[in-house]
Protein chains: 2
Amino acid sequence: MAATGARLSREARREQLVTLGHDLVAASSFEEVSVDDVASEAGISRGLLFHYFPTKRDFQVAVAERAARMLLEATETDPDASVTDQLRGGVERFLDHVASRREAYLSLVRGAGSGEPALRAVSERTRGVLVQRVLDGLGAEPVPPALRLVVRGWVAASEEIVVTWLVDGGVDREEIVDLIVAGLLLQLGVLLDERDVARLLGTA
Amino acid sequence: MAATGARLSREARREQLVTLGHDLVAASSFEEVSVDDVASEAGISRGLLFHYFPTKRDFQVAVAERAARMLLEATETDPDASVTDQLRGGVERFLDHVASRREAYLSLVRGAGSGEPALRAVSERTRGVLVQRVLDGLGAEPVPPALRLVVRGWVAASEEIVVTWLVDGGVDREEIVDLIVAGLLLQLGVLLDERDVARLLGTA
């Protein structure tokens, strides 16, 4: 591959390698993609790849960070929309994003929650951003610790429901979105007082 | 270690190695425990360990299965108790079990949800058993697909809330249990009709 083997700046080469790694993982899984495959696709030697990423783990972390960034970008919603529109829009975008890359999502985002500290840190940060977005949307300040925990649980539940549904089916897409959004709103009804809920739902 | 190095039956040796591996992982994490550590603790050679477990992955799967079995045993509840008592009791036991081994839990049970198919299968089976227990307790037959998804999401949320709470604190143990149990009951109220909910809560 003359084009990919051509001279690139350090930054461009790193970007290219991460993109290749990400695409290969998206097509199979983290475990099945070797550093050799990536080097070969890039038209460079294995040794040169390790020049850009000192260890295989460094490369995996860079690929996981790319996947996390793509997830966060794909699920961004309009901060000026109502809370329920933001929740609904965020869930729909999350569902579509995961649907387009279920295996890669499992490997890169969820699997990163494993015992490996550097990968777990990527996963933790990503989940933290999703949780903070919801909390910002709710506008509770300061955030009660119980509310933060409930939102974290809701993000985990949403992920599990979407990942399972993509395999098992049996429920309409719209019903899945309804179920997920309702799951949070019902718990907010217990945690917040009536005025807050009315304000959030735009019925105050 | 003369005692551990002694001759053992094949089955007893496998059990011993899995127990050692499990205890070592429980004290640190999957990534930090080497097969050499386990062989050394057992007073046998690395080669002999591979006689019992052909690959490191086989050994890891056996250790993950042990951890999963311990989790399932620790969280069993009385099937004759009311649904809410079973839910509450199950959540309390889950919380205590994870509290006593957070790192090992993350590595062995949650981390097993990673991209590695054999480990992911252990994690999937374990979660499947927990979900089925809740569904059996609810007694809905046949199980509506939406209900199964909601229960799966609830199990994932419970895990996330407990794991986060063990680090962050800020909420009483009893409040955490309340939050988790309420999370499911609220959703059941939407999915089941009023008579079913009254029956489940013992207020029919």
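Residues numbered from 1 in each chain as written. Chains lettered and ligands numbered in written order. Predicted model: local features only at pLDDT ≥ 70, side-chain atom pairs only at ≥ 80, totals over all residues. Heavy atoms only, no water.

Caption draft 1: Structural detail: the interface of chain A and chain B. Contacts between the two partners involve 37 residues from chain A and, on the opposite side, 37 residues from chain B. Taken over both partners, the interface formed by chain A and chain B buries close to 2,900 Å², and the fraction arising from carbon and sulfur atoms is 66%. Counting across the interface, chain A meets chain B through 4 salt bridges. As a salt-bridge pair, Arg127 of chain A and Glu160 of chain B come within 2.5 Å of each other at their nearest N and O atoms. Elements represented by at least two residues in the side of chain A that touches chain B include exactly α7 (102-110), α8 (117-138), α9 (145-168) and α10 (173-191) of chain A. For the side of chain A that touches chain B, the element with the most residues is α9 of chain A, which contributes 12 residues. Its residues assigned to classes, the side of chain A that touches chain B shows 15 nonpolar, 11 polar and 11 charged. (Contact = heavy atoms within 4.5 Å. Buried area = accessible area lost by both parts, 1.4 Å probe. Salt bridge = Lys/Arg side-chain N within 4 Å of Asp/Glu carboxyl O. Helix = DSSP H or I, 4+ residues; strand = E, 2+ residues; numbered from the N terminus. Nonpolar A, V, L, I, M, F, W, Y, C, P; charged D, E, K, R; others polar.)

Caption draft 2: Quick look at helix α8 (residues 117-138) of chain B. Residues and elements named next belong to chain B. Here α8 spans 31 Å end to end across 22 residues, near enough to the 32 Å set by a 1.5 Å rise per residue. Considered for burial, the residues of α8 that qualify are Leu119, Arg120, Val122, Ser123, Thr126, Arg127, Leu130, Val131, Val134, Leu135 and Leu138. Once α8 ends, the next one or two residues include Gly139, with phi positive near 70 degrees. (Expected span 1.5 Å × (residues − 1). Buried < 20%, exposed > 50% of the residue type's maximum accessible area, 1.4 Å probe, protein only.)

Caption draft 3: Representation of the environment of Asp36 of chain B within the structure. Residues and elements named next belong to chain B. Among the secondary structure elements, Asp36 is positioned in helix α3 (residues 35-42). On the accessibility criterion, Asp36 (40% relative accessible area) is partly exposed. Between the C-alpha atom of Asp36 and that of Thr55, which follows or precedes it by 19 residues, the distance is 13 Å.

Caption draft 4: Layout of the packing of aromatic side chains. Under the counting rule described, the total for this entry stands at 2 aromatic pairs over all chains. Measuring from centroid to centroid gives 5.1 Å for Phe53 of chain A and Phe59 of chain A, while their planes differ by 70 degrees, and the two rings are edge-to-face. (Phe/Tyr/Trp six-rings, centres within 6.5 Å; stacked < 30°, edge-to-face > 60°.)

Caption draft 5: Layout of the relation of the copies chain A and chain B. For the match of chain A to chain B, the screw axis carries a shift of 0.0 Å, the RMSD comes to 0.0 Å, and the turn is 180 degrees. Accordingly, the operation relating the two chain copies is best matched by a two-fold axis. Within chain A, Ala157 of chain A has its C-alpha nearest the rotation axis, a separation of 2.4 Å. Of the residues that chain A buries at the interface, 100% are likewise interface residues in chain B, meaning the two copies contact each other through the same surface. (Least-squares fit on C-alpha atoms with pLDDT ≥ 70 in both.)

Caption draft 6: Seen up close, the side chain of Gln60 of chain B. With respect to the secondary-structure elements, Gln60 of chain B resides in helix α5 (residues 56-74). Leaving out residues up to four positions away in the same chain, Gln60 of chain B has contacts with Phe30 and Leu119 of chain B.

Caption draft 7: Up close: α9 of chain A. End to end, α9 of chain A covers 34 Å across 24 residues, agreeing with the expected 34 Å (1.5 Å per residue, within 8%). Of all 24 residues in α9 of chain A, 19 are buried, a share of seventy percent or more.

Caption draft 8: Structural view of the packing of helix α2 (residues 10-27) of chain B against α5 of chain B. All names here are of chain B. The geometry of α2 relative to α5 is characterised by a closest axis approach of 9 Å and an angle of 75 degrees between their N-to-C directions. By the angle between their axes, α2 is roughly perpendicular relative to α5. Across the interface between the two elements, Glu15, Leu17, Val18, Thr19, Gly21, His22 and Val25 of α2 pack against Phe59, Ala62, Val63, Arg66, Ala67 and Met70 of α5. Along the lines of polarity and charge, the residues of the contact of α2 with α5 split into 8 nonpolar, 3 polar and 2 charged. (Axes fitted to C-alpha atoms, helices over the stretch in contact; angles between N-to-C directions. Parallel < 35°, antiparallel > 145°, perpendicular 65-115°, else oblique.)

Caption draft 9: Structural context of the side chain of Arg66 of chain B. Residues and elements named next belong to chain B. Its place among the elements puts Arg66 in helix α5. Its relative accessible area of 10% is what places Arg66 among the buried residues. Engagement of the side chain of Arg66 in a polar contact is seen with the side chain of Thr19, the distance being 2.8 Å. Dropping the residues within four chain positions of it, Arg66 is found in contact with Glu15, Val18, Thr19 and His22. (Polar contact = N/O pair within 3.5 Å; in protein donor to acceptor, adjacent residues only side chain to side chain.)

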